[in-house]
Amino acid sequence: MSLNQSMNISLNSMKNNQYALTVVSQNIANLHVEGYHRQRVDFQTNRYTTDCENVISTIKGMNGASISSLSDFIDEGLFNEGIGANSDAQYYNTLADALEGLEDIADDLGDNGLNALLNDFFKASANLEQFPTDMTIRQQYVMAAQNICDKFNEISAKYDSLQSDKFQNVQNDIQVINTLLGDLASANEAHVKANQSSETQVKINEILKQLSNYMDVSTEKNANGTYNIFLGDMALVEGNVQKFEIQADFDSTNPDSAVSFKLQSTEKEDFVITSNVTESFTNGSMKAYIDFLNGSGNGFSNVNDMKANLNSAASAFANALNNIQTYDDGTVFAASLTTVDGEIVLEKATEPMFVGNDASTIQVNGAILENPFLVSAARIDLDKYPDGGWEKSIGNSDNATLITALQNENICSYGGGQNNCTLSQFLINNAAKNGMDTANILGKAETYQGVADSLATDYANITGVNLDEELADMIKYQRAFEASAKVFSTVNDLIGTIIGMV
Amino acid sequence: MRIATSTVTNLATNSMGNSYEVYADILKKIASNKNFTKMSENPVDATKVLKLKDQLSQLDIYQSNIQAAINEMDLAYDTLGSITDELSIINSKILEASNATTTPESAKALATEIKERVAIISDKMNTKYLDNYIFAGTYVHEMPYVKNDAGEIVYKGSSELAGDRKLTIAENTTFTYNFTGEEIFGEQDGVNDFFSQMRELDELLNADELDYSAIRNKISVLDDATKKITLTQGKVSANVSKLDSTYEINTDTITKLTEDRVDLEEVDITKAATDLANAQTALQASYLIGTNVLSSVSLLDYL
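This one's a predicted model, so the numbers in the text were calculated from it and none came from an experiment.

Cut-offs applied
Residues numbered from 1 in each chain as written. Chains lettered and ligands numbered in written order. Predicted model: local features only at pLDDT ≥ 70, side-chain atom pairs only at ≥ 80, totals over all residues. Heavy atoms only, no water. Helix = DSSP H or I, 4+ residues; strand = E, 2+ residues; numbered from the N terminus. Rg over C-alpha atoms; globule rule 2.2 N^0.38 Å. Buried < 20%, exposed > 50% of the residue type's maximum accessible area, 1.4 Å probe, protein only. Areas by Shrake-Rupley, 256 points an atom, 1.4 Å probe, with all protein chains shown as cover. Lys, Arg positive; Asp, Glu negative; His and termini not counted. Charge placed at Lys NZ, Arg CZ, Asp CG, Glu CD. Contact = heavy atoms within 4.5 Å. Buried area = accessible area lost by both parts, 1.4 Å probe. Salt bridge = Lys/Arg side-chain N within 4 Å of Asp/Glu carboxyl O. Polar contact = N/O pair within 3.5 Å; in protein donor to acceptor, adjacent residues only side chain to side chain. Nonpolar A, V, L, I, M, F, W, Y, C, P; charged D, E, K, R; others polar. Patch = residues over 30% accessible without salt bridge, like charges linked within 9 Å, V, L, I, M, F, W, Y side chains within 5 Å. Pairing = 2+ DSSP bridges. Axes fitted to C-alpha atoms, helices over the stretch in contact; angles between N-to-C directions.

A.B. asks: Help me understand the overall build of chain A, please; the structure alone is not making it clear to me.
C.D. replies: The number of helices and strands found in chain A is 13 helices and 14 strands. Relative to a compact globule of 502 residues, whose C-alpha radius of gyration would be 23 Å, chain A shows 39 Å and is clearly more extended. Projected onto its principal axes, the C-alpha coordinates of chain A cover approximately 155 × 50 × 35 Å. A total of 502 residues make up chain A; the buried ones form 49% of that total. In the form shown here, chain A has an accessible surface area of approximately 22,100 Å², with 49% of it arising from carbon and sulfur atoms. Of the side-chain charges in chain A, 28 are positive and 66 negative, and the distance between the mean point of each set is 10 Å.

Below is the structure:
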C-alpha cells in the first residue's frame, strides 16, 4: 500500500464518518418528531481498483471503506398492522363518543327527567283522587301532564339535534378524507420524483395513518413505491391520481332518514357510483357514524331506535290517558266538571287529555290547559243512578283512581314483548340499555385503543430514535474520524520526512 | 429489547395521566357524593337505583293517600262519637217525657230541647274535611242535611247505591273512605228515616194530650241510630287500624329501600377518603418517577 493510498483511505474515512455523524445529528434533531424513522449509514469495504491490488487486499480492507447505503428503519408489515388496529380503535372511540351523547340524553329519561316528572304526575293524580273538585289540584295535575309533554318534546329535539350533529361530523370527516386522498395522490407523485426517498415515504405513511382514523385503509403498493387506496373494490387513488371523491347524503328533515354515501368521479362529472358504497365502510369513524345513525344490527343503542322508543312511550302514555279521560261505553263514562247556575256538576267528558301522538308533538289539549275542570276525575255508572242525579256525584274520583293505577299497568312493549312493562319500567329499561351499551363500547374502545397503542409502541421501538444509541454511535463515528485524521496526519508527516531526506 | 426514547417519555406521561384520572375520579365522587353520575359508569347499580327510586316514589303516593284517609276517618269517628252523645241526651229526654207524670207544658219544653239536639246532630252530619262534606257520599259539595221549605231536615247527599269515594293505597288496592247519611240515619223516605221520626216525636210532644206509649216507642229509633253509628264507628276503627298497619309497613319498606339506595348510590366517605389518600400517593409517586424519567441522565450528559 502506497503512502498516497493510505492518505486517500484516511481521507475517505474522514468523509464517511463525517456523513455518518450528520445522519446521527439528524436523528437526534428529529428525536421527538412524530412518524420520523431513524436512519443509519451502512459501510462497505472498497474493492480493488488497480492491477497491483488483489482480492486479498480487498478482504483485509486495505482499499478502505465507503458508504454503501442509508438504511431507513421502516417495518411495513407492522405499520399496516398498526393502521388496521387504529381503524378498529377509532371505530369504537367514535361509537363510544356518540353513545355518550345518547346517554346524556337518556339521563333525561331517568330520575333526573321524564321518570321523575311521571312520578310527579301520578302524585298529582293521587291528589286528584282525594280532591276531585279542587281547582288548584286540577291545575297541578294539568301542569304535571304538560311538564311530561314538554320533556318528551325536549328529549325528542335533543335526539334530532344529536342526529344532526353526528351527520355534520360525517360531513366534516368526509371533507377531511377527500383532502387526505388528494394529499396522498400528491405525496405519491412526490415520492416518485424523490426517487422513493425516506421523507416522502414518511409523508405517505402519515397520510395513510390519518386516513385510518376515518376508514379502513385498503392499499396496494405499486412498483414505483406509490400506493393505491381502495374503498371496497373501487380505487379512490391510483398512483398520483385521485379518481373519486366521497359524498354523504342525509335528509335531516326526515327523522327516519339514513346516512348514505356515493362516489363522485373527479374526472367525469356525471359518473357517480351509489351502490354498496355505504356498506364498503367497515371500520374507522365512518363505520361508527353509519352504525349509530342507521343502526348496526349489532344490538347496541342507536339514535333511531332511541327515538322510536321515545315515540312509543309518548304514544302509549297519550293513548292510555286519553282512553281513561274520554271513556264511554254507553252506561259507564268518564265525567268532567262544569258549572251550571253557579253549581259545580258533572258532565260527560269529551275532550282528550293529549293531542299529538309522538314525542315531538305530544301536548296537553289546549281546552284542558285553559279549563282544568275538563279533566275527567269521575267515572259514572248509570246503573247506580236509577233515579238520575249522577251530575252531582262530583266527589266520585274513580277515573283519577284509574289514572293513578296506570302507574302499575303494563302499557308499554319492550324487548319484543307486547304490553309487558309499565311506562316507568320502559323508560328505566331504555336508560339502562343505553348505559350498558355505552359501558360495553367504552370498554371495547379502551381495549382496541390499547392494542393500537401497543402496536404503535412496537413500531416506535423498531423505527424510532433512541438517544443513548445515537450518542454511542456519535462517539463511535467521532473516534473513527479522529483515528482517520491521525493516520492522515501521520502519513503526511511521513511524506514530509521522506521529502526532507531527499 | 430496543426501546425508543419517545416510548419512554410516552410511558411516563401516560402513567402520570392515568394516575391523575384515578385521582380526579375519586374527587368527583366525593364532590357529588355519588358513586356514579352516569349510567355507563355502573349500569347494574344505576338501574337498581332507578328502580328503587321509582318504588319509593310510588310508596310516597300511597303514604300520602293513607294519611289523607286516616285524617278523614278520624274526623268521621269523632263526629259520630259526639252524635252518639247527642242521641244519648235525646234518649234521656224521651224517657223523661214518656213518664206519665210529665205534663203537656213540660213535654213542650222537652220538645224544644230535643229539637235543638236534632239540629245539632244534623249540623254534625254536615261536617266538612277540607272542602268536602264527609257524610254526603259522592255529592261532596252538597250539604247533606238541609231544611226544606217546610222547615223539615232532609238528606241531599248521594245514595249508598251511587258508590263510594276511593283512594289508592297500594298497587291495585283502593280504599273506600266516605259515608252517606242514609248509611247512618236510614234511607230518606219521609217516614221511617231518623229525622222524619224525630219530627213525629216533636208532634207527639207538642200535642195537647200526650201519648206516653207512642213517645216511649221513639226510643227504638234512637237505639237503631245508635246501633248504626256504633257499627260505623267500629268499621272506621277497623279501617283506620288497617290503614295504620299499612302505613307502618310502608314506612319500614321506605326505610329499607332508602338504605339500599344510599348504599348503592351514595359515597362511603370513609372508604372514599382512604381511596383518595391512596390515589394521591400514587399520583405523587408517578409525578416523581415521571419527572425522573423525563429528565433522566443520558449519555449526552457525559459529553
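A.B. asks: Whenever I open this one, the interface of chain B and chain A confuses me. Can you help?
C.D. replies: Accessible area lost upon the coming together of the parts serves often as the stated size of an interface. Listed by partner, the interface residues are 49 residues for chain B and 61 residues for chain A. Buried area between chain B and chain A, summed over both chains or domains, comes out near 4,500 Å², and the portion from carbon and sulfur atoms is 53%. Along the contact surface separating chain B from chain A lie five salt bridges. Salt-bridge contacts for Glu100 of chain A lead to Lys38 of chain B; the nearest nitrogen and oxygen are separated by 3.8 Å. The interface formed by chain B and chain A includes 20 residue pairs in polar contact (both at pLDDT 80 or more). For the side of chain B that touches chain A, the secondary-structure elements that each account for two or more residues are α1 (5-32), α2 (43-97) and β5 (166-170) of chain B. When residues in the side of chain B that touches chain A are grouped by element, the largest group, 14 residues, is from α2 of chain B. A breakdown of the residues in the side of chain B that touches chain A according to their chemical character gives 19 nonpolar, 17 polar and 13 charged.

A.B. asks: I would appreciate a short explanation of a negative patch on the surface in the present structure.
C.D. replies: A cluster of acidic residues, Asp387 of chain A together with Glu160, Asp164, Glu187 and Asp189 of chain B, forms a negative patch on the protein surface. Tracing the backbone shows Asp189 of chain B in the loop between α4 (181-185) and α5 (194-205). Owing to a relative accessible area of 40%, Asp189 of chain B belongs among the partly exposed residues under this scheme.

A.B. asks: Teacher, can you tell me more about the sheet that holds strand β8 (residues 260-265) of chain A here?
C.D. replies: Remark on secondary structure: sheet strands pair via backbone hydrogen bonds, oriented parallel or antiparallel. All names here are of chain A. The strand order across the open sheet built from three strands is β7-β8-β9, with neighbouring strands paired in antiparallel fashion. At either margin of the open sheet sits one strand with a lone partner, and together these are β7 (244-249) and β9 (272-273). Relative to β8, β7 runs antiparallel, the two being bridged by six bridges. Paired with Gln247 across the bridge in β8 is Lys262. Contacts from helix α5 (residues 135-193) reach β7 and β8, with the element oriented near 180° to β7.

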